[in-house]
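Breakdown of the fold
What follows is the residue order along each chain.
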Amino acid sequence: MKVLVVGNGGREHALAWKLLQSQQIERVICVPGNGGTALIERCQNVSLRVDDFEGIARVAREEGISLVVVGSELPLSSGIADYLQRQNIPVLGPTQAGAQIEASKSWAKELMEWAGVPTAHSATFTEVEAAKTYVAQQGVPIVVKADGLAAGKGVTVAKTVAEAQGAIEYLFGDHFSPIVIETCLRGQEVSVLALSDGLTVRSLLPAQDYKRIGEGDTGANTGGMGGYAPAPVATPQLMEQIERQILQPVVNALRARGIDYRGVLYAGLMITPEGKPLVLEFNCRLGDPEAQAILPLLETPLEELLLACTQQRLEALPPIRWKQESAICVVAASQGYPGSYTKGYAITGIEEAQNLGATIFHAGTKINPQQQLVTDGGRVLGVAATGEDFAQATAKVYKAINCIHFEGSYYRRDIGRTKTDSAKSVP
Ligand code: AMP
Ligand code: GLY
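Residues numbered from 1 in each chain as written. Chains lettered and ligands numbered in written order. Predicted model: local features only at pLDDT ≥ 70, side-chain atom pairs only at ≥ 80, totals over all residues. Heavy atoms only, no water.

On a plain count of helices and strands, the chain comes out with 14 helices and 22 strands. Over its C-alpha atoms the chain spans a radius of gyration of 21 Å, differing by no more than 12% from the 22 Å that the globule rule assigns to 427 residues. In terms of its C-alpha atoms, the chain occupies a principal-axis envelope of roughly 60 × 45 × 40 Å. Contacts spanning at least 24 positions in sequence make up 69% of the contacts within the chain whose residues lie at least 6 apart. If you sum the accessible surface of the chain, you get close to 17200 Å²; carbon and sulfur atoms cover 48% of it. Between the averaged position of the 38 positive side-chain charges in the chain and that of its 45 negative side-chain charges there is a distance of 1 Å. (Helix = DSSP H or I, 4+ residues; strand = E, 2+ residues; numbered from the N terminus. Rg over C-alpha atoms; globule rule 2.2 N^0.38 Å. Contact = heavy atoms within 4.5 Å. Areas by Shrake-Rupley, 256 points an atom, 1.4 Å probe, with all protein chains shown as cover. Lys, Arg positive; Asp, Glu negative; His and termini not counted. Charge placed at Lys NZ, Arg CZ, Asp CG, Glu CD.)

If you want it as C-alpha cells, here you go:
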C-alpha cells in the first residue's frame, strides 16, 4: 500500500521511516516533507502547502494512496480530515471539530470539566483588565496561556505578578484573545500519546519531553529539545489509571458531542508528587520529538495500528508489541532558536553519526539547488538511538551528535541524564 504523510518536521520523517520498515508499504509520499524524507528510499516529497487540501486530495487520488496520515495540528485544525473524508480518502487525524481539543484550550477545558477529567483549575478572559484583576486575586505562581494555537510560544509559567501581567499584555497585544489563566501545577511531566478510533483508545509507550531550551530545564519554552521513552514515571498501573480516568472519558465526551475522533489523542500530563495525573493540555497529533523516541521501539507494523483507527477496529487489535529497550532523541537546533535564527548552513557528518548506530530524523533541513543538505528551520535534526537501557542509548546518541556539524549548532547535553521536573522551573 501507499501512504501520504502531511507535514515537514522530525515527526513526519519518523512516520515515513517507520512506515517503510513494513513489507506492506510500497511507497510513502510526503507533503511537503524535508531534506530527510527526500533521501529515504521509496519515499518522495511533493512540494505542496499543507493547507492545499485540493492539491493533497489530487495527489492521493493520482497515486492510489490508501491512507493519509496528518502529522501536524495546523491542517487538522483547519479541516483537512473533513475535506479528505468528503472525497472518500481514508485519513488518520481528527476532524476540525475534534482538533479543537488542541486548537482551543478553553474548549478542551470545558470538555474535561464535563467529562470529570482532572486538570488545573482555570478561567478564560477576553479583556486585559479582567485578566489582570484575576491574577492579582489568585497570586503567583500562575500560568497564562493563549487559547488558540501559538506554535509552542503561548504559555508563560509566571513566578511574579509582573511577569503574569506582562504575558497578558503580550498575548492580547498580539491578538491572542481569548486567553486562559490556570493554577500552576507541580510534579513530573509525561506525554501519553494514544490512538483513538472514535470509540476506544490504545496508549503508546509513555514519553518525556524536554521543553525548555536550556540545560536543567531553564530558559524559553520550545517545541521540544529532546525526549525519551518509555518514561519510568508512568508505571503500568498509572497508565491504566490514565486510560480509565482521562483518555477514555475524553473519547466518550467527544462522541457525546457527535465527534468521531479517529487519530492521535496526546495527553500532556503532570504527575503530582502524590502520584495523581492531571491534564496540562491535549494535542490532536503525535508529539515532536516524542514520536522520534517512541516509534523506534514499535514492533507492530505502524500501518496496522493506523488502519485499525481509521477502520474503527482498535478494540479487536492484539496488544501492541514493543522492543524491550530504551530510546532517546536529542534535537540539534539553530543558534537563536526559539527566537530568530539564520537558515542555509551546510550540514555534515550525518553518515558518520549513522555508522555509530544512531538514526537521524531531519526536522528543519532541505536540499538546496546545489544539491547540498542545509539547515532550514529552528529545530534542525533529531538524533535518536535505542539501547538496552537509558545509559546505553544516551551514550550512543551523544557520540553520534558529536559527529554532526553545522554553523551555530546547539543541543542540550542533559537529555536522558536528568528527569524533567517542573518544580525546577518554578521556584
Ligand atoms: P502546554 O502547551 O499547555 O503543554 O504548556 C507548555 C508547558 O508549560 C508545559 O509542558 C508545562 O511545562 C508548562 N505548563 C502548562 N500548564 C501548566 C500548569 N498548569 N502548571 C505548570 N506548568 C504548566
Ligand atoms: N513536544 C511537544 C509537542 O509536540 O507538542
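Let us look at helix α8 (residues 161-173). Counted at 1.5 Å a residue, the expected span for α8 with its 13 residues is 18 Å, and the 18 Å between its end C-alpha atoms agrees. Along α8, the residues classified as buried are A164, A167, I168, L171 and F172. On an axial view of α8, the arc spanned by its buried residues comes to 125°, and they lie on one face. Among the exposed residues of α8, those oriented more than 90 degrees off its buried face are A162 and G173. (Expected span 1.5 Å × (residues − 1). Buried < 20%, exposed > 50% of the residue type's maximum accessible area, 1.4 Å probe, protein only. Arc of directions from axis to C-beta.)

A few words now on the sheet that holds strand β4 (residues 67-70). The strand order across the open sheet built from five strands is β3-β2-β1-β4-β5, with neighbouring strands paired in parallel fashion. In this open sheet, the two strands that pair with only one neighbour each are β3 (43-45) and β5 (91-92). The pairing of strand β2 (residues 27-32) with β3 spans three bridges and is classified as parallel. Along β3, the bridge assignment pairs I29 with Q44. Against the sheet, helix α1 (residues 10-19) contacts β1 (2-7), β2, β3 and β4, and its axis sits at roughly 170° relative to β1. (Pairing = 2+ DSSP bridges. Axes fitted to C-alpha atoms, helices over the stretch in contact; angles between N-to-C directions.)

Moving on, we come to the packing of α1 against helix α11 (residues 302-310). Two elements in contact, α1 and α11, have axes separated by 8 Å at closest approach and are oriented at 110°. Considering their axes alone, α1 and α11 lie roughly perpendicular with respect to each other. Touching L15, K18 and L19 of α1 are L302, E303 and L306, all from α11. Tallied by class, the residues present in the contact of α1 with α11 amount to four nonpolar, no polar and two charged. (Parallel < 35°, antiparallel > 145°, perpendicular 65-115°, else oblique. Nonpolar A, V, L, I, M, F, W, Y, C, P; charged D, E, K, R; others polar.)

L4, V68, I101, L269 and F282 are the most contacted members of the largest nonpolar core, which has 77 residues in total. If we ignore the near neighbours within four places in the chain, the residues touching L269 are Q188, E189, V190, V192, I242, I246, L278, V279 and L280. V3, L19, L195 and C309 belong to the second largest nonpolar core, which has 44 residues in total. (Core = buried A, V, L, I, M, F, W, Y, C linked by side-chain atoms within 4.5 Å.)

The next point concerns the environment of L295. Checked against the element boundaries, L295 lands in the loop between α10 (290-294) and α11. Here L295 falls in the buried class, since its relative accessible area comes to 4%. Residues L295 and L19, spaced 276 residues apart in sequence, show a C-alpha to C-alpha distance of 9.8 Å. For L295, the contacting residues outside a window of four places in its chain are A14, L15, W17, K18 and L302.

A few words now on the site of ligand 1. The environment of ligand 1 is made up of 15 residues, and the closest members are E182, T183, L185, E189 and E281. Measuring from an oxygen atom of ligand 1, one finds a side-chain N or O atom of K145 at 2.9 Å. L185 is positioned such that a nitrogen or oxygen atom in its backbone is 2.8 Å from a nitrogen atom of ligand 1. Here ligand 1, which alone exposes 470 Å², has 92% of that area covered by the protein. Of all the secondary structure elements, the ones that give two or more residues to the shell around ligand 1 are β7 (142-146), β8 (155-158), β9 (179-183) and β17 (277-283). (Near = heavy atom within 4 Å. Polar contact = N/O pair within 3.5 Å; in protein donor to acceptor, adjacent residues only side chain to side chain.)

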